[in-house]
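Architecture at a glance
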Amino acid sequence: ELYDVLLSLWKSDVFIRPLANRFLRGTVQLLGRLIAFAKEGIEGDVEPPGSATPPDNGEVGKSVPSPLFFWREKAEDVAAVAWDMAILERCMTEHYLDTVLAAVAPKEMGQKSNVHNSEEELNELRSLISEVLLEASQEMGPFIIKCWMEVISGIITTKCCAPLSAVKGVAATYRMTNRPPPTQASHFVSTILRPLKEFDDAFRSRTPAQVGSDWRRNVVGTVSERYSAAVEELLETVRRTEEALKSRKARRTAGAVGMSDGDKVKLQLLLDYKEFTKAVADVGVDESLVEGVIKLKSLTEEAETILAQMQNGDT
C-alpha cells in the first residue's frame, strides 16, 4: 500500500514539476517513517492504537498505557516483515527510481513541453535523485539482515538448543545398567535441527538475497558450539568417573561384551555426532565450515576405534 502511495506522487495528474523537491522530500519522509516504525516494532517500542486502558481508580480523563506492541516473538512474523522490506528496497532502488526520473528528468525532453532544463542540468538532477533515494533506502538492508541474523536466528537457535539438555542423560543410560553397547543414535539428536529445517522449508523462497544461507550457518554454528560444550562436559564427567573406579579397582565391565560403561557412552556420543552431521547437511550447511561441528568430531573421534572393534566383533 505504501509503495502504491509513493508511485501515485509521480503520476502525471498529481506531480507538479516546480515542486519536485517537495514531492521528493515527501517520498523520503514516508519511507523514513516506515523504516522507523519497523525498527520500533522489532524492539517493542510501538504502542498499538486504541490500546490504552482506563485506570482502576475511576479517574476521568486519564488513561493507563497498555503494553507496547512487540512482534519479534514469532519468527514467522519477523520473516514476513523482512520480506516485505526486501521487496520495497528492490523496488525503491530499481523501478521507483526509474519512475521518479521519468517524471522529473525524462531522457526525451521533446515529450515534456514543461521541461526547460539543459541536458547537463537533467543529468545533474538524475544523479541527485538517485543519491537521495539510495540514501533514503540504505537503512533497509541492515534492518533486513538484523531480522534474519539476530532475531530469527535467535528464535530458531533457542528452539534447536532445547533438546541438548538430553546430552547429560547419555551417561545415566549406561552407568551401571549392564546395557549392551549402542548401535544407533539417541532419539533426541534428530530433533535438534528440526525447527531450523521446518522453518527453512517454509521460508526459503522468501529469504532475502542479502541473507542467503548465512542465517542457517549462523544457527548451526551456535547450536553445534553448545552441543560440543555439553559433550565435552559429559566426557570430562565420564573421565573422572573412570579414574575413580580405577583407583578403587572396581571398574565396571559389561559382562559378555567386555565394554566399559564409559566406552559405551563414548560410542553413543559418536553415533549421535554422525547423526547430527547428517542433519547439518540436510539443512544445506557445510560441516567443514562450522567450528562447533569440527570440535564435536575431535571430541568423539576416540570412539571410532571402539566402533570399528565392535563392528569387527573384537569386543
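Residues numbered from 1 in each chain as written. Predicted model: local features only at pLDDT ≥ 70, side-chain atom pairs only at ≥ 80, totals over all residues. Heavy atoms only, no water.

A word on the nonpolar core
In terms of nonpolar packing, the biggest core is built from 82 residues, with Trp10, Trp148, Leu193, Tyr227 and Phe276 touching the most fellow members. Sort the elements by how many residues they give to this core and helix H6 (residues 140-161) lands first, with 11 residues. (Core = buried A, V, L, I, M, F, W, Y, C linked by side-chain atoms within 4.5 Å. Buried < 20%, exposed > 50% of the residue type's maximum accessible area, 1.4 Å probe, protein only. Helix = DSSP H or I, 4+ residues; strand = E, 2+ residues; numbered from the N terminus.)

A few points about the layout of surface pockets
The calculated volume of the largest pocket comes to roughly 310 Å³. The wall of the largest pocket is formed by 13 residues, among which Leu2, Leu34, Asp84, Met85 and Leu88 lie closest to the centre. The set of elements that each furnish at least two residues to the lining of the largest pocket consists of helix H1 (2-8), helix H2 (20-43) and helix H3 (75-93). Ranked by residues supplied to the lining of the largest pocket, first place goes to H3 with six residues. Considering only residue class, the lining of the largest pocket consists of 11 nonpolar, no polar and two charged. (1 Å grid on protein atoms, 1.4 Å probe; cavity = no way out; pocket = protein on both sides within 12 Å on 5 of 7 lines; lining within 4 Å. Points joined across faces, edges and corners; volume = space filled by probe spheres on them. Nonpolar A, V, L, I, M, F, W, Y, C, P; charged D, E, K, R; others polar.)

Considering H6
For H6, spanning 22 residues, the distance from its first C-alpha to its last is 30 Å, which sits close to the expected 32 Å at 1.5 Å a residue. Remark: the principal bend of H6, roughly 35°, maps to serine 153. (Expected span 1.5 Å × (residues − 1). Bend = angle between axes of the 7 residues up to and from the residue.)

Points about the packing of H3 against helix H5 (residues 119-137)
Across the interface, H3 lies against H5 with an axial gap of 9 Å and an inter-helix angle of 170°. With respect to their mutual orientation, H3 and H5 come out roughly antiparallel. Between H3, through Glu89, Met92 and Thr93, and H5, the contact on the second element is made entirely by Leu133, Leu134 and Ser137. Class assignment for the residues of the contact of H3 with H5 results in three nonpolar, two polar and one charged. (Axes fitted to C-alpha atoms, helices over the stretch in contact; angles between N-to-C directions. Parallel < 35°, antiparallel > 145°, perpendicular 65-115°, else oblique. Contact = heavy atoms within 4.5 Å.)

So, the environment of arginine 217
Within the fold, arginine 217 resides in helix H10 (residues 214-247). For arginine 217, a relative accessible area of 33% corresponds to the partly exposed category. Between the alpha carbons of arginine 217 and methionine 149 there is a distance of 9.9 Å; along the sequence they are 68 residues apart. If near-sequence neighbours (up to four positions away) are discounted, arginine 217 is found in contact with Val285 and Val290.

Comments concerning the packing of H3 against helix H4 (residues 95-104)
Relative to each other, H3 and H4 sit at 35°, their axes nearing to 3 Å. On H4, the residues that touch Arg90, Cys91, Met92 and Thr93 of H3 are His95, Tyr96 and Leu97. Partitioning the contact of H3 with H4 into residue classes produces four nonpolar, two polar and one charged.

Examining helix H11 (residues 261-282)
The end-to-end C-alpha separation of H11 is 32 Å, in line with the 32 Å expected for 22 residues at 1.5 Å each. Among the 22 residues in H11, 16 count as buried, and that is most of the element. Immediately beyond the C-terminal end of H11, within one or two residues, lies glycine 284, with a positive phi of roughly 80°.

Focus: the environment of threonine 207
Inspection of the secondary structure puts threonine 207 in the loop between helix H9 (194-203) and H10. We classify threonine 207 as buried; its relative accessible area is 15%. For the pair threonine 207 and alanine 86, spaced 121 residues apart in the sequence, the C-alpha separation amounts to 9.0 Å. Each residue touching threonine 207, except ones within four places of it in the same chain, is listed here: Trp83, Trp148, Gly212 and Trp215. Separated by 2.8 Å, the side chain of threonine 207 and the backbone oxygen of phenylalanine 203 make a polar contact. (Polar contact = N/O pair within 3.5 Å; in protein donor to acceptor, adjacent residues only side chain to side chain.)

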